[in-house]
Amino acid sequence: MRFSRRSFALLFLMAALASLSIRENTVLAQPKAGPVTVSPQAPTISPAFPLGVQRGQTLELNLTGSNLNDPTTLWTSFPAKATFPTEMNNGKDAGKLKVKIEVAADAPIGFHTIRLATKNGISNARMFCVDEFPQIDEIADNKTKEKAQPVPVPGVVVGRTDAEVSDFFKFTAKPGQRLTIEVIARRLGSTLDPMIRLYDAKTMREMAGFYSDDEPGLQSDCRLTRVFPSGGEYIVELRDSRHLGGGEAFYRLRIADVPSAMAAMPVAIQRGQKASVNFAGKEVAGVAPVEVAMPADGHSVQVAPKGPGGSGWPVPVVASDIKEIVEVEPNNEIAKAQRIELPVGITGRFLDKLDLDCFVFAAKKGAKYTAVAETYEINSPAEVFLVVKDLKGAELGRSNPANTPAKLDFTAPADGDFVIVAEHLNYAHGPVEVYHLTVEPTEPDFGVTLQVDRFEAAPGGATLIPVGTISRKDYAGPIELSIQGPPGFEGTTTLTAPATPPAAPGAPPAAPIGFLPLTVKPGTAIGAYEIRVLAKATINGKAVNRQAKVTELAKAGLNGLAFPPHEMLTSVGVAVTPAPTFTLAMKLEPANVAKGTPANLTVTAKRADGFTEEIALTPYLLPANVTLAAKPIPKGANEVTFPLTAAPATVAGTYPIILRGTAKAAGKDVAFYAPPLSVVIVEPKKEEPKKVEPKKEEPKKVEPKKEEPKKVEPKKEEPKKVEPKKEEPKKKEEPKKQ
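The following refers to the structure shown. (Residues numbered from 1 in each chain as written. Predicted model: local features only at pLDDT ≥ 70, side-chain atom pairs only at ≥ 80, totals over all residues. Heavy atoms only, no water.)

In this section: the overall build of the chain. Looking only at helices and strands, the chain has 2 helices and 55 strands in total. In the chain, buried positions account for 44% of the 738 residues. A fraction of 69% describes how many contacts in the chain between residues 6 or more apart in sequence connect residues 24 or more apart. On the chain, roughly 40000 Å² of surface is accessible, and the fraction owed to carbon and sulfur atoms is 54%. (Helix = DSSP H or I, 4+ residues; strand = E, 2+ residues; numbered from the N terminus. Buried < 20%, exposed > 50% of the residue type's maximum accessible area, 1.4 Å probe, protein only. Contact = heavy atoms within 4.5 Å. Areas by Shrake-Rupley, 256 points an atom, 1.4 Å probe, with all protein chains shown as cover.)

Have a look at this one:
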């Protein structure tokens with residue numbers, strides 16, 4: 001088909017008209033804001049070296065990473081005093097930092113975390129160990145059995161392994177001594193998948209059965225407990241099972257005469273309650289129970305099994321919101337089922353071959369119940385299969401063997417007693433096959449995740465905590481968020497957003513669905529703090545509390561560790577800093593935005609001395625059909641104004657608007673938030689028809705008419721019409737009478 005120029009011109013005009021028509025009724029899409037990330041000026045630390053400390057001792061810790069200059073505090077989850085030596089310009093280098101740590105003698109042993117705060121922000125969390133045994137650093141020249149590095153017993157070696165090589169260590173065992181040789185690596189977030197093998201130091205031959213790799217319940221770490229009847233010198237080979245290594249292939253090798261526990265019994269304690277904790281494991285015979293009190297605001301407690309030679313590595317006991325009990329044997333048949341009152345958490349174990357654990361509970365007809373059995377989450381190798389039966393043994397439901405953790409949903413067909421039967425999916429048994437079973441009425445629920453786990457603000461200032469997702473189960477109501485932590489912090493907000501749909505595989509992270517303001521009270525000391533975010537809702541008249549999670553952030557910071565320590569899953573770091581590089585404030589004119597009529601948003605920057613760079617602005621939480629033509633604050637300027645427009649399709653209401661400013665300061669990226677601005681969208685004013693009032697008629701003035709002289713025009717004489725005369729017929733003359 002051929003077109004003339006006139007045809008093209010006509011088509012172009014038609015397209016332009018169509019475009020104008022569309023624009024009149026549609027708001028162009030606002031460019032979507034991406035996920036909120038950590039402030040670029042915040043420090044980031046690599047794995048600390050060494051990876052731990054003996055309690056009661058002083059340690060010089062070497063940190064590496066980025067933005068480490070101008071440190072203010074090293075935050076630790078254990079009692080310690082940290083200082084920054086000033087020699088050699090320490091504290092001026094952005095890439096490395098020395099920290100002196102004095103650890104309290106009563107610091108609890110186990111897994112802990114550290115964060116570094118600077119004048120610009122707070123770092124990611126890194127795991128750190130506190131131990132009761134002395135530690136030494138690995139030497140470089142220990143790559144053969146002949147050059148094995150001597151290790152005291154008890155003792156700890158802190159090291160890092162290289163690819164394609166092994167590290168060798170030599171120790172002495174007394175005759176008849178039982179020793180536990182353990183590698184803590186993957187559980188610390190290391191990339192190392194360790195294995196150990198023992199040799200006789202005299203013959204240099206491998207000792208049969210003295211080998212460990214992927215010990216169940218240790219997330220691929222290894223542990224070996226053996227008795228050495230004759231005593232003597234022995235050599236430990238330690239390497240990556242895949243022959244890998246490198247910068248983050250770090251480890252702690254622990255050798256001591258200590259118990260080897262895998263889990264606590266019970267694994268959970270109700271908040272504000274006490275319990276006597278025993279231990280599950282291969283080598284815990286004769287270990288005394290430990291009395292544990294769970295704080296009312298607790299998250300977890302680490303409990304160490306104690307033996308004649310010292311403490312074994314601790315196991316976690318997590319905080320629970322419901323009553324917690326321990327399975328009581330015999331309960332391996334319905335007639336001997338253990339009676340439970342719901343809701344309840346139960347710590348059980350498949351100790352004997354073909355062990356079944358039966359629990360009987362009273363149910364109401366039509367009521368729904370849920371049973372969940374966790375194992376990997378509590379560092380147990382067990383896999384559980386659940387079945388619900390009536391008292392006659394008829395099966396009414398079962399868990400899906402393909403799902404982890406095992407879960408069973410059940411609706412009672414009648415009033416009466418029913419039995420939950422737990423058995424090992426693979427028919428395994430033994431002292432480490434532990435599980436934690438919760439059985440409770442099925443209730444509506446929700447969950448909240450945060451998009452970032454570290455923030456900074458000055459005293460008297462504020463920042464914003466972005467909410468990443470909300471999960472909802474049969475509950476669509478409001479969720480109130482608030483700050484839990486030291487007295488210097490506060491903030492609340494309410495979320496009404498629907499459940500966040502699952503992200504498509506490979507899809508980039510979405511923008512936040514909401515923000516929680518975090519305010520730092522004036523007078524709060526400069527330094528590092530830990531807070532948590534509490535999510536609350538009232539469901540069916542009952543208060544339900546959940547802590548916002550940062551699980552995926554914790555996993556990512558530990559090289560994908562599947563099950564980080566429980567307390568890390570809700571931990572949020574805050575740095576209280578000096579005055580920031582700039583602050584932002586927003587003002588809208590007019591305050592109420594009428595649909596279809598642009599309003600002017602003015603953003604004002606307060607700059608630190610010497611800072612003049614351009615400040616880019618990114619909006620968040622714009623409601624549907626609202627656009628903001630954001631522009632940067634120019635270099636050297638303190639203010640910018642641009643339009644905010646609500647299209648006719650916008651739903652009227654009040655909405656918070658968030659702006660994040662980013663800039664370059666001294667060659668580095670910095671970012672800060674403006675306090676939220678509430679924008680009120682209103683309907684446009686309707687123009688009322690004008691009232692037409694009747695006009696009052698004024699009496700007309702009658703002016704005398706001026707008589708103009710009449711013009712006399714001569715009459716025109718019309719010619720007379722001459723009618724032809726009609727001749728009357730002549731009368732016949734009558735004859736005269738004679």
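That was the structure; now back to the text.
Ranked by size, the top nonpolar core spans 36 residues in total, and within it Ile465, Ile479, Leu481 and Phe489 carry the most contacts. Mapped onto this core, the elements with two or more residues apiece are β37 (445–450), β38 (454–457), β39 (462–473), β40 (479–484), β43 (514–520), β44 (527–539) and β46 (572–576). Looking at this core, the element that brings in the most residues is β44, giving 6 residues. In contact with Phe489, other than residues within four places in its own chain, are Ile483, Leu518, Thr519, Val520, Thr524, Tyr529, Ile531, Val574 and Val576. Core analysis: the second largest hydrophobic core is formed by 29 residues, Leu601, Ile615, Ile633 and Ala646 among them. (Core = buried A, V, L, I, M, F, W, Y, C linked by side-chain atoms within 4.5 Å.)

Moving on to the sheet that holds strand β19 (residues 263–265). The sheet built from 3 strands is open, its strands ordered β19-β21-β22 with antiparallel pairing. Pairing within the sheet leaves two strands with one partner each, and these edge strands are β19 and β22 (290–293). Pairs of neighbouring strands in the sheet enclose a mean axial angle of 45°, with direction left out of account. (Pairing = 2+ DSSP bridges. Axes fitted to C-alpha atoms, helices over the stretch in contact; angles between N-to-C directions.)

Considering the arrangement of structural elements, one finds Tyr529 in strand β44. The spacing of Tyr529 and Thr73 is 456 residues in sequence and 9.5 Å in space, taken between C-alpha atoms. Tyr529 has contacts with Ile122, Pro486, Phe489, Thr524, Val572, Gly573, Val574 and Val576, leaving out every residue within four places of it along the chain. In terms of polar contacts, Tyr529 uses its side chain to reach the backbone carbonyl oxygen of Ala525, at 2.8 Å. (Polar contact = N/O pair within 3.5 Å; in protein donor to acceptor, adjacent residues only side chain to side chain.)

This paragraph deals with the sheet that holds strand β5 (residues 80–83). For sheets, the rule is that strands pair by backbone hydrogen bonds, running either parallel or antiparallel. Ordered by their spatial adjacency, 4 strands build an open sheet running β1-β3-β6-β5, and the pairing between neighbours is antiparallel. The two strands at the open ends of the sheet, each matched to only one other strand, are β1 (44–45) and β5.

Moving on: the pairing of strand β16 (residues 222–228). Burial analysis of β16 places 5 of its 7 residues in the buried class, which makes it a mostly covered element. Taken together, the 7 bridges between strand β13 (residues 177–184) and β16 define a ladder with antiparallel strand orientation. The partner of Thr180 across the bridge, within β16, is Thr225.

When we look at a pair of aromatic rings, we describe it by the centre distance and by the angle of the planes. This model, assessed by the stated rule, comprises 17 aromatic pairs. Between Phe169 and Tyr251, the ring centres sit 6.5 Å apart and the planes meet at 75°, which makes this aromatic pair edge-to-face. Separated by 82 residues along the polypeptide, Phe169 in strand β12 (residues 167–173) and Tyr251 in strand β18 (residues 250–256) bring together distant segments of the chain. Aromatic side chains Phe210 and Phe228 sit 5.7 Å apart centroid to centroid with 55° between the ring planes, which places their arrangement in the tilted category. In this pair, Phe210 sits in strand β15 (residues 206–213) while Phe228 sits in strand β16, placing the two residues 18 residues apart along the sequence. Each member of the pair Phe210 and Phe228 is classed as buried. One aromatic cluster is present, built from ring pairs that chain together Phe171, Phe210, Phe228 and Tyr234. Residue placement shows Lys145 over the ring face of Tyr199; its charged tip is 4.8 Å from the ring centre. (Phe/Tyr/Trp six-rings, centres within 6.5 Å; stacked < 30°, edge-to-face > 60°. Lys NZ or Arg CZ within 6 Å of the ring centre and 35° of its normal.)

Another aspect to go through is the pattern of salt bridges. By the definition in use, this model includes 27 salt bridges. Close ionic contact of Asp167 with Lys143 constitutes a salt bridge, the shortest N to O distance being 2.6 Å. Linking Asp167 in strand β12 with Lys143 in the loop between β9 (135–137) and β10 (149–150), this pair joins segments that are 24 residues apart in sequence. The class of Asp167 is buried, set by a relative accessible area of 0%. (Salt bridge = Lys/Arg side-chain N within 4 Å of Asp/Glu carboxyl O.)

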